[in-house]
Amino acid sequence: MGNTLFTNVRIFDGTGEHPYTGEVLVQGNRIKHVGRGSRTVPVNGNTVIDGAGCTVMPGMTEAHTHFSWNNASSLDAIFRMPPEEHTLLAASSAKTYIDMGWTSCVGAAAAKPRLDVVIRNAINSGQIPGPRYLANSQEIATMGGLGDTNPPHVDAPEMSFGWVVTGPEEMRKAVRMFIKYGVDLIKLNLSGEEMTDTKAQETPMAEEEIVMAVTEAKRRGLRVCAHARSDESVRLCIKHGIEIIYHASYCSDDTIDLLAQHKDKHFVAPGLGWLVNTARNAGPYGIKSDSPLGMYYERELHIAVETMRKMHKKGIRVLPGGDYGFAWTKHGTNAKDLEYFVDMVGMSPIETLVACTRYGGQIMGKPNELGQVKPGFLADLLLIDGDPVANIRILQDRNRILAVMKDGEFFRSPDMQPSRARIAV
């Protein structure tokens with residue numbers, strides 16, 4: 001692992017400051033130096049990348065990732081993929097994410113109990129390419145709740161999309177099992193989802209089950225995340241210290257105020273891409289935009305956007321990402337969320353980029369190592385053809401992502417033409 005010097009670049013450093021012209025020196029797997037203006041670092045012994053005015057920025061973090069969602073059109077179709085093919089699919093998904101500039105991802109549930117753990121371990125050992133990854137459990141669901149996909153006449157819990165529990169002791173056993181498997185996070189389905197038999201504003205999981213899950217997870221140093229669309233489910237997340245809140249569409253103003261009081265303890269990832277595309281682009285898969293279900297999702301989209309606007313104004317950390325990996329939200333299109341944050345939520349491009357970089361380092365548990373271009377930070381960097389502050393949409397174009405570096409090594413190197421790179425001697 002040598003030294004790499006990016007020169008003649010525009011730097012978006014993830015702090016919230018406007019981009020500036022300068023250079024970035026990577027030494028080993030960390031950023032050694034960030035300079036402003038003309039060259040201040042000797043070139044001898046460094047691989048010099050002449051950015052020709054392109055942007056260096058931190059690698060992005062996707063806050064709600066499902067590597068094992070297989071771009072299918074139903075929960076059953078995702079879960080019932082055979083395990084051998086499913087493992088290969090999840091490995092391919094991981095490669096897609098880092099290829100598109102997502103150098104860190106927060107697992108938001110696996111389709112099979114150990115899939116996330118296996119993929120994380122394979123990435124960490126160098127067997128497969130992929131982002132830094134926090135492996136999650138299956139979605140832990142209540143009987144009859146979101147994730148319990150077995151019909152009433154089939155008593156086969158192992159065939160259900162989620163891991164189904166009833167009561168605190170079954171919850172304790174499930175959480176301990178996933179901890180044994182080696183997960184980083186535990187996922188609870190506190191609320192429902194409109195396309196299932198348990199609706200989005202329902203909260204089927206009992207409080208004593210939630211208390212047991214959080215107690216067992218925190219006993220072993222794990223964090224908990226939750227599918228929480230309903231107002232009650234978000235309040236339960238706040239009450240019991242569930243750090244990562246997914247969706248949160250139906251938060252009341254009182255709950256938003258309560259969350260704002262504890263904003264340093266929580267992250268919210270609304271998954272706007274799921275709402276936009278389920279409402280408007282899922283027609284070929286049976287959800288017509290003018291159908292009752294399509295119109296419901298359009299309504300929830302408008303409510304969720306207004307909720308996120310209020311949260312953002314109160315300083316609550318709202319991060320992009322969520323539920324990509326369905327037929328109408330395919331892996332690799334995740335950067336559309338950045339566009340939605342700007343165009344719908346009203347966040348500025350800089351605020352949006354901070355959400356997927358600096359806040360990303362925080363949700364990954366490495367606030368002093370990831371998500372910023374600063375000396376001492378890990379060298380997870382992107383070289384972008386253009387200025388994402390001026391046009392956030394360029395991050396959706398793989399061809400504009402000229403290079404992806406993770407941990408000081410290029411997953412994808414810039415072209416080595418003389419105008420872009422040279423080895424200084």
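Above this text sits the structure in question.
Please read these numbers as outputs of a predicted model, since none were measured by experiment.

Another point: the pairing of strand 16 (residues 401-406). The element strand 16 is largely enclosed, with a buried count of six among its six residues. For strand 15 (residues 381-384) and strand 16, the ladder comprises four bridges, and the chain directions are antiparallel. Paired with Leu 382 across the bridge in strand 16 is Val 404. In this structure, strand 16 lies alongside strand 17 (residues 409-412), joined through three bridges in antiparallel fashion. Bridged to Val 404 within strand 17 is Arg 412. Following strand 16, the chain reverses through two residues before pairing antiparallel with strand 17; Asp 407 in that reversal takes a positive phi of roughly 60°.

Moving on: the pairing of strand 5 (residues 55-58). Here strand 1 (residues 3-11) pairs with strand 5 via two bridges, running parallel. Bridging from a neighbouring strand, Arg 10 pairs with Thr 55 of strand 5. Sheet analysis places strand 5 next to strand 15, joined by four bridges and oriented antiparallel. Paired with Val 56 across the bridge in strand 15 is Leu 383.

The next thing to look at is the nonpolar core. Membership of the largest hydrophobic core comes to 97 residues, with the highest contact counts inside it found for Leu 188 and Met 311. Sequence-distant contacts of Leu 188, defined by excluding residues within four places in its chain, comprise Ile 140, Met 171, Met 205, Ile 210, Ala 213, Val 224, Cys 225, Ala 226, His 227 and Ile 242.

So, on to the sheet that holds strand 6 (residues 60-65). Strand pairing in a sheet takes place through backbone hydrogen bonds and is either antiparallel or parallel in direction. Spatially, the three strands line up as an open sheet ordered 6-7-8, and their pairing is parallel. Either end of the sheet is taken by a strand with one partner, and the two such strands are strand 6 and strand 8 (132-134). With strand direction ignored, the average angle separating the axes of adjacent strands in the sheet is 15°. With four bridges connecting them, strand 6 and strand 7 (residues 102-107) associate as parallel partners. Each residue of the ladder has a partner; that of Thr 61, found in strand 7, is Ser 104.

Here helix 5 (residues 207-219) contains 13 residues, and its C-alpha end-to-end distance of 18 Å stays within 8% of the 18 Å for a straight helix at 1.5 Å per residue. All of the buried residues along helix 5 are Glu 209, Ile 210, Met 212, Ala 213, Val 214, Glu 216 and Ala 217.

The subject of this paragraph is the sheet that holds strand 12 (residues 223-228). Strand order in the open sheet formed by six strands is 10-9-11-12-13-14, and the pairing between neighbours is parallel. Single-partner strands in this sheet number two, and they are strand 10 (163-165) and strand 14 (267-269). On average, each strand axis in the sheet is tilted by 25° relative to the strand beside it, whichever way the strands run.

How each quantity is defined
- Residues numbered from 1 in each chain as written.
- Predicted model: local features only at pLDDT ≥ 70, side-chain atom pairs only at ≥ 80, totals over all residues.
- Heavy atoms only, no water.
- Buried < 20%, exposed > 50% of the residue type's maximum accessible area, 1.4 Å probe, protein only.
- Helix = DSSP H or I, 4+ residues; strand = E, 2+ residues; numbered from the N terminus.
- Pairing = 2+ DSSP bridges.
- Core = buried A, V, L, I, M, F, W, Y, C linked by side-chain atoms within 4.5 Å.
- Contact = heavy atoms within 4.5 Å.
- Axes fitted to C-alpha atoms, helices over the stretch in contact; angles between N-to-C directions.
- Expected span 1.5 Å × (residues − 1).

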